[in-house]
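Listed below are the residues making up each chain.
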Amino acid sequence: MDDLSQFKQTYFEESAELLEVAESGLLRLSPDNQDMDEINAVFRAVHSIKGGGGAFGFTDLVAFAHEFETVMDGVRSSTIPVTTDLVDTLIIANDVLGRLIGHAQENTPIPPGTTDAAAQALCRFLGKTGAPTKSTDSASAEATSATATATVAGAGAGAIPAADDGRKTWCIRFTPKQDLLLSGNDPSFMLRALERMGEATIDCDVSDLPSLDHMEPENLYLKWTVQLLTDQTKAQIEDPFEFVAEEGVVEITCLSETAAGPTAAKTETASVGAVAVSGSRPEADSGAASGSGQLTVYSKSGEAGAKTAANKGAGGAPPTQVAGHTIRVDLDKIDRLVNMVGEMVITQAMVAEHLRDLPPGEFQELLEGLEQLAQHTRELRESVMSIRAQPVGSVFSRMPRLVRDLAAETGKDVVLETSGENTEVDKTVIENLVDPLTHMIRNSIDHGLETPDAREAAGKPRTGIVHLSAQHRSGRIVIEVSDDGRGINRPRVLEKAVEQGLVPAGASLSDEDIDNLIFLPGFSTADKVSNISGRGVGMDVVRRNISGLGGRIAVYSAPGQGSRFVLSLPLTLAVLDGMVISVGAERFVLPLTNIVESLRPKHADLHGLVNKCDVMMARGEYVRLVYLHKLFGIPGAVEDASKGLVVLVESEGDGRLGLVVDEVLGQQQVVIKSLEANFRRLDGVGAATILGDGRVALILDVAGLQEMSQHSGSGGGVRQISDLASPAAVPLLRAS
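Residues numbered from 1 in each chain as written. Predicted model: local features only at pLDDT ≥ 70, side-chain atom pairs only at ≥ 80, totals over all residues. Heavy atoms only, no water.

## Side note on the packing of aromatic side chains
Okay, so step 1: Inspection of every chain in the model, using the stated rule, returns 8 aromatic pairs.
Okay, so step 2: Look at Y11 and F58: their rings are 6.2 Å apart centre to centre, the planes differ by 35°, and that puts the pair in the tilted class. Of the two residues, Y11 sits in helix α1 (residues 2-27) while F58 sits in the loop between α2 (36-55) and α3 (59-76), which places them 47 residues apart along the sequence. The residues Y11 and F58 share a single accessibility class, namely buried.
Okay, so step 3: The interplanar angle of 20° and the centroid separation of 5.7 Å between the aromatic rings of F588 and F632 together place this pair among those described as stacked. Placement of the pair is F588 in strand β16 (residues 586-591) and F632 in helix α19 (residues 628-632), with a sequence separation of 44 residues.
Okay, so step 4: Residue F632 is classed as buried on the basis of its relative accessible area, which comes to 5%. (Phe/Tyr/Trp six-rings, centres within 6.5 Å; stacked < 30°, edge-to-face > 60°. Helix = DSSP H or I, 4+ residues; strand = E, 2+ residues; numbered from the N terminus. Buried < 20%, exposed > 50% of the residue type's maximum accessible area, 1.4 Å probe, protein only.)

## Quick notes on the packing of helix α9 (residues 331-354) against helix α10 (residues 364-388)
Okay, so step 1: In contact at an axis separation of 10 Å, α9 and α10 are set at 160° when each is read in the N-to-C sense. In terms of axis orientation, α9 runs roughly antiparallel to α10. Viewed along their axes, α9 and α10 form a crossing whose handedness is left-handed. Here L331, I334, D335, L337, V338, V341, M344, V345, Q348, V351 and A352 of α9 lie close against α10, whose contacting residues are L370, L373, A374, T377, L380, R381, V384, M385, I387 and R388.
Okay, so step 2: Residues that form the contact of α9 with α10 fall into these classes: 16 nonpolar, 2 polar and 3 charged. (Axes fitted to C-alpha atoms, helices over the stretch in contact; angles between N-to-C directions. Parallel < 35°, antiparallel > 145°, perpendicular 65-115°, else oblique. Left-handed = near helix turned anticlockwise from the far one by under 90°. Contact = heavy atoms within 4.5 Å. Nonpolar A, V, L, I, M, F, W, Y, C, P; charged D, E, K, R; others polar.)

## Remarks on the nonpolar core
Okay, so step 1: In this structure, F64, F68, L97 and I172 are the most contacted members of the largest nonpolar core, which totals 58 residues.
Okay, so step 2: It is helix α4 (residues 84-106) that provides the largest number of residues to this core, a total of 10 residues.
Okay, so step 3: With residues up to four places along the chain from it excluded, the contact list for F68 reads L26, V46, L90, A93, N94, L97 and L122.
Okay, so step 4: Counting 44 residues, the second-largest nonpolar core is a separate cluster that includes M399, V429, V481 and I488. (Core = buried A, V, L, I, M, F, W, Y, C linked by side-chain atoms within 4.5 Å.)

## With respect to α9
For an α-helix, the turn length of 3.6 residues means that residues three or four places apart are oriented alike.
Okay, so step 1: The terminal C-alpha atoms of α9, which comprises 24 residues, lie 35 Å apart, in line with the 34 Å expected from a rise of 1.5 Å per residue.
Okay, so step 2: Looking at α9, one finds that the buried residues are I334, V338, V341, G342, E343, V345, I346, Q348, A349 and M350. (Expected span 1.5 Å × (residues − 1).)

## Quick look at the packing of helix α12 (residues 399-410) against helix α14 (residues 434-448)
Okay, so step 1: Where α12 contacts α14, the two axes come as close as 10 Å, and the packing angle between them is 30°. Classified by the angle their axes make, α12 and α14 are roughly parallel. Crossing of α12 over α14 shows right-handed handedness. Taken together, the residues of α14 that come into contact with α12 (itself represented by M399, L402, V403, L406 and T410) are V434, L437, T438, I441, R442, I445 and D446.
Okay, so step 2: When the residues that make up the contact of α12 with α14 are grouped by side-chain class, the tally is 8 nonpolar, 2 polar and 2 charged.

## What to know about the confidence of the model for the protein
Okay, so step 1: Averaged over every residue, the pLDDT of the protein is 75; residues scoring 70 or more account for 75%.
Okay, so step 2: Note on residues 128-158: pLDDT is under 50 here. Beyond four places in sequence and across chains, it has 46 contacts.
Okay, so step 3: Contacts from residues 258-294, a stretch scored under 50 in pLDDT, to residues over four places away or in other chains number 85 contacts. (pLDDT = per-residue confidence, 0-100.)

## Focus: the sheet that holds strand β15 (residues 575-583)
Okay, so step 1: The strand order β23-β15-β16-β25-β24 describes an open sheet built from 5 strands, whose pairing is mixed. A strand with exactly one partner marks an edge of an open sheet, and here the two such strands are β23 (663-671) and β24 (685-690). Strand-to-strand twist in this sheet, taken as the mean axis angle between neighbours without regard to direction, amounts to 35°.
Okay, so step 2: Summarising the sheet, β16 and strand β25 (residues 696-700) pair through 2 bridges and their orientation is parallel. Paired with F588 across the two strands is L698, which belongs to β25. (Pairing = 2+ DSSP bridges.)

## Re the environment of S48
Okay, so step 1: By secondary structure assignment, the location of S48 is in helix α2.
Okay, so step 2: On the basis of relative accessibility, which here comes to 36%, the residue S48 falls in the partly exposed class.
Okay, so step 3: Taking the C-alpha atoms as reference points, S48 and E14, 34 residues apart in sequence, are found 9.2 Å from one another.
Okay, so step 4: For S48, the contacting residues outside a window of four places in its chain are Y11 and L18.

## Some thoughts on helix α7 (residues 187-195)
Okay, so step 1: The element α7 is extensively covered by neighbouring structure, given that 8 of its 9 residues are classed as buried.
Okay, so step 2: Residues of α7 that are buried: P187, S188, F189, M190, L191, R192, A193 and L194.

## Description of the pattern of salt bridges
Okay, so step 1: The tally for this structure, following the rule as stated, stands at 23 salt bridges.
Okay, so step 2: Between E38 and R28 there is a salt bridge whose closest N-O contact spans 2.7 Å. Note that E38 is positioned in helix α2 and R28 in the loop between α1 and α2, a separation of 10 residues in sequence.
Okay, so step 3: Exposure remark for R28: the relative accessible area of 8% places this residue in the buried category.
Okay, so step 4: Here the residues in one salt-bridge network are E23, D95, R401 and D405, joined through shared partners. (Salt bridge = Lys/Arg side-chain N within 4 Å of Asp/Glu carboxyl O.)

## A few points about the pairing of strand β19 (residues 614-618)
Okay, so step 1: Where strand β18 (residues 606-608) lies against β19, 3 bridges are found, and the strand directions are antiparallel. The residue of β19 that forms the bridge with G608 is D614.
Okay, so step 2: Across 4 bridges, β19 lies against strand β20 (residues 621-627) in antiparallel orientation. Note that in β20 the partner of M617 across the bridge is Y622.
Okay, so step 3: Connecting the antiparallel pair β19 and β20 is a turn made up of 2 residues, with R619 showing a positive phi of about 55°.

And the structure:
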């Protein structure tokens, strides 16, 4: 039972991936865009879900998937024309298939009528082609009847004579492995596919059928010989067998060429999937768009069209892709491995701390070994982090469906442009990106983009653009959501904020401050509550989720031109490279990616602004100084910046800042420990870590420090920092 449960879990995980493949393909399908590679990818996804469901006895799921599969088969054979109505129906069918998989996974009964509407819609398209709708059982019965009445003979029985109209006669011998049925594949599908190609005579060989006492009900003991008169090519004849890779042997012979002599006959025997199938038609990547970009257009009618920027070659066929070797690993095992690597980093730092003062000559070999250990620890850490890294395309692929539905609901024409889908980031960050991106795109379409008529009146194209991009920048991942809409209506935002009591009447705010009002809890400019907006929880959720990941969000807007939201996030939430600094008796860690340089300023470079702050001239520009001992109330620190050090730091969108510290102690790998989960939230602090001497150090949040310095003076915080830096806090953090 345990083994079966394990296989089921694998099936459900693969089905979730296949549903995403199917949805992304269907969203790009339209009357004007019929990419056969994507159509085949959708067909394969549904067929694989159906096959796996059959292996586990999910009869309702298999029956519905069969109808879905049959319609897709009609689409790929061009017997069912692609219309907007058809695409809408197929997307709904994919949703229903997902719900059926969900009920199967949770082992809950399927509510009556779950599949009725979608199944009727699918049958309607099958009726247009004149093809009867069959359940899985009836389809199998039809194939069994056909093979039972066929002549049980060799390849020469019932031969179809060659035609004079250019068609050829082919002999196809299919010998499947006995365990073919266990993979969910149905030989009747392949036989029916061959029948649709032309005039076919099917012979079933039952010579390997054992006696009833020795027969295993799960095994397949039959093999088939088909003589086919058709105008199809060999590659097209091989096509039906591509789903049974390595599950049997196929022999394909062109009988029309045997008249020229025995040597003229072309017979190819191969393990299915080696030459006869997989080698005949390379598959295109049906997942997220390539790194060169994907553009999908959605209109209020729900119609979609797509163009991929990647060059598919002169013949239009995508390049052959070499399949990689993969293995599924439980995420908990990877998390435990990450934690162990983190503990190794801490231990290595502690050993280095204890051996720091050893005489180099006497213990040279020991010190060299320690240096090698540090290098190997870093490489191990990077390797483990790369295991958890995933492309953001897994999140981006969910957005086209959202844009499509919103375009239909708001009556707007929208173009979704995506780029940088292959940018990799830690899985934990990926999992927490869905909600923020969903809210931002909803906000862009509902509030940012104008209606087609309003855009036309403003001299813009009727179709609005939403651009979603990702890239690595300064050791972080930066994700942008932009639109070419009306921009933020700042007078309206300020008026609403005053009405809702979020800002005092008569307050004088800068454009930046007004733009940031949209992130306040409960704020909304919508006049009425709808399914899309009006409750004032969207952008508040965005900022809270991003802050919880140690990231920042900035908004830039130009009236009449659009808005741009920039998310800056750490690549990983486990380990980082930092610079250890001291302020009084306290130790802090600055992320290395935020540091520009450190310097000791001269008195002539320091200037004070009355009732404002101190600034320093650095590299030809004035930089605001922040005294950490004042910000956190730390006694015994260097108060004169010219006698200490100034560390120039910068954060995404917030400019540069000069942090006044006592000294820089050195660079070190540190393990990130959540402060909010183990202690409590501290402004200006992103997380905590354990240093090599066993002390707790706070990892500073540069953007948070800048915000604190603008809104507070030398406020206290010494009790919080002292409590956290005590030895009693170490077990608390190490247990996390």
